[in-house]
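In case you want the letters, here they are:
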Amino acid sequence: MTCIAFTRSVPQSLAQAELTHLERTPIDPVRARQQHDQYRSVIDSLGCSLRELPATPELADSVFVEDTAVVLDEIAIITRPGAESRRPETASVAEALGPLRSLAFIEAPGIMDGGDVLCLGQRIYIGRTPRTNVEGIEQFRAIVEPLGYAVYSLPVTGCLHLKSAVTPLDASTLLLNPAWIDRNAFADYRCIEVDPQEPFAANALWIDDQVLLPAAAPRTRERVEQAGLPVIPVEADELAKAEGGLTCCSLLVRD
Ligand code: CIR
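Residues numbered from 1 in each chain as written. Predicted model: local features only at pLDDT ≥ 70, side-chain atom pairs only at ≥ 80, totals over all residues. Heavy atoms only, no water.

K.L.:
Any details on the confidence of the model for the chain? Residues and values, ideally.
P.N.:
Per-residue pLDDT for the chain has a mean of 97; in total, 100% of the residues score no lower than 70. Across the chain, the secondary-structure element scoring lowest on mean pLDDT is strand β15 (residues 251–254), at 96, and the one scoring highest is strand β3 (residues 69–71), at 99. (pLDDT = per-residue confidence, 0-100. Helix = DSSP H or I, 4+ residues; strand = E, 2+ residues; numbered from the N terminus.)

The following block contains the structure:
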């Protein structure tokens, strides 16, 4: 597999990040940067080539690049983030992806965050959340169905994004938190549930037969390893205070 991983540095303004389900707690910017560096090194060690998007120190959530685009083999869809404060993040992402993919855009009144879009081969599941509306989903459907993708829209409750609740661990296995998503929607997959004490662990990042999991989720790690899948724990608790998980800190372009 060749893979490019776009990331963006932790902005000085991270402490002002949008919060939906979390109380604001102080964020140590030095520690957040160290964790982001470690995250980037792990991705690098798995053979992805890292590319840095231009720093945007004034955009508090700009480190969470996943939300700005959905990259498929044939096309990249630039989103229109549900939080207005995040909309200026997309221009530089469109510029970076332009040479790699043809581009399509979600337009008003549609809104969509990439964190709500779960791509499982030719099936694409999209969460309906305060960040992603039906108009956004229908625009997305019209772009990708002619390319052979099937789009399924489903409700998400209790967390920010669909991928806060469910992510793939390999081509046929999902890690999910059944408190936030209906497990029956994924009956065709082997499903591993997070440990109930680690609700945020469902946001795992699968790269090339390895699974990155938050280091703060040792019980869930045990479940995943018992299922035969190798885990790389990654410290990400400082970034998690801004309601970001592991998938959201990179935008992967696979070839
Ligand atoms: C936000 O509320 O938009 C950011 N504070 C967190 C975004 C996390 N993104 C993701 O999980 N895909």
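K.L.:
I'd like to hear about the site of the ligand, residue by residue, with values.
P.N.:
The full set close to the ligand counts 14 residues, and E18, D61, D67, R131 and A242 are the nearest of them. The separation between a nitrogen atom of the ligand and a polar main-chain atom of E18 is 2.7 Å. The contact in question runs from a nitrogen atom of the ligand to an N or O atom on the side chain of D67, over 2.8 Å. Tallied by class, the residues present in the shell around the ligand amount to four nonpolar, three polar and seven charged. (Near = heavy atom within 4 Å. Polar contact = N/O pair within 3.5 Å; in protein donor to acceptor, adjacent residues only side chain to side chain. Nonpolar A, V, L, I, M, F, W, Y, C, P; charged D, E, K, R; others polar.)

K.L.:
Could you give an account of the pairing of strand β1 (residues 3–7), naming the residues involved and the relevant values?
P.N.:
Counting buried positions along β1 yields five of five residues, so the element is predominantly enclosed. Where β1 and strand β2 (residues 48–52) come together, five bridges link them in parallel fashion. Residue pairing for β2: A5 is matched across the bridge by L50. Handedness of the crossover joining β1 and β2 through helix α1 (residues 29–45): right-handed. In the sheet, β1 pairs with β15 via four bridges, with the strands oriented antiparallel. Paired with A5 across the two strands is L252, which belongs to β15. (Buried < 20%, exposed > 50% of the residue type's maximum accessible area, 1.4 Å probe, protein only. Pairing = 2+ DSSP bridges. Right-handed = clockwise from strand over helix to strand, strands pointing away.)

K.L.:
An account of the environment of A150 is requested, with residue identities and associated values reported.
P.N.:
Its location among the elements puts A150 in strand β8 (residues 150–155). Measuring from C-alpha to C-alpha, the distance between A150 and D209 comes to 25 Å, with 59 residues separating the pair along the chain. Aside from chain neighbours lying at most four places away, what touches A150 is Q122, R123 and I124. (Contact = heavy atoms within 4.5 Å.)

K.L.:
Describe the nonpolar core, naming the residues involved and giving the relevant values.
P.N.:
Proteins that are soluble and globular tend to have nonpolar side chains buried together. Membership of the largest hydrophobic core comes to 25 residues, with the highest contact counts inside it found for L14, I43, L205 and L212. Elements supplying a minimum of two residues to this core: β1, α1 and β12 (205–207). Examining the composition of this core, we find that four residues originate from one element, α1, more than from any other. Apart from the residues within four sequence positions on either side, L212 is in contact with V42, I43, L46, A204, L205, I232, V234 and L246. Counting residues in each nonpolar core, the second largest holds 16 residues, with Y125, V156, F186 and Y189 among its members. (Core = buried A, V, L, I, M, F, W, Y, C linked by side-chain atoms within 4.5 Å.)

K.L.:
Outline the pattern of salt bridges, supporting the account with residue identities and numerical values.
P.N.:
Any two side chains of opposite charge can pair, given that their charged atoms come close. Within the structure shown, the criterion is met by 16 salt bridges. The closest approach of N and O atoms between D237 and R31, which form a salt bridge, is 2.8 Å. Taken together, the positions of D237 in helix α6 (residues 237–240) and R31 in helix α1 put the pair 206 residues apart, joining distant regions of the chain. By relative accessible area, D237 is classed as partly exposed at 29%. (Salt bridge = Lys/Arg side-chain N within 4 Å of Asp/Glu carboxyl O.)

K.L.:
So what's going on with the sheet that holds strand β14 (residues 231–234)? Which residues, and what values?
P.N.:
One open sheet holds the three strands; their spatial order is β12-β13-β14, and the pairing between them is mixed. Taken across any chain shown, the strands that pair with only one partner, and hence form the sheet edges, are β12 and β14. Pairwise comparison of adjacent strand axes, ignoring direction, gives a mean angle of 25° for this sheet. Across the sheet, α1 touches β12, β13 (210–214) and β14, and the angle it forms with β14 is around 160°. (Axes fitted to C-alpha atoms, helices over the stretch in contact; angles between N-to-C directions.)

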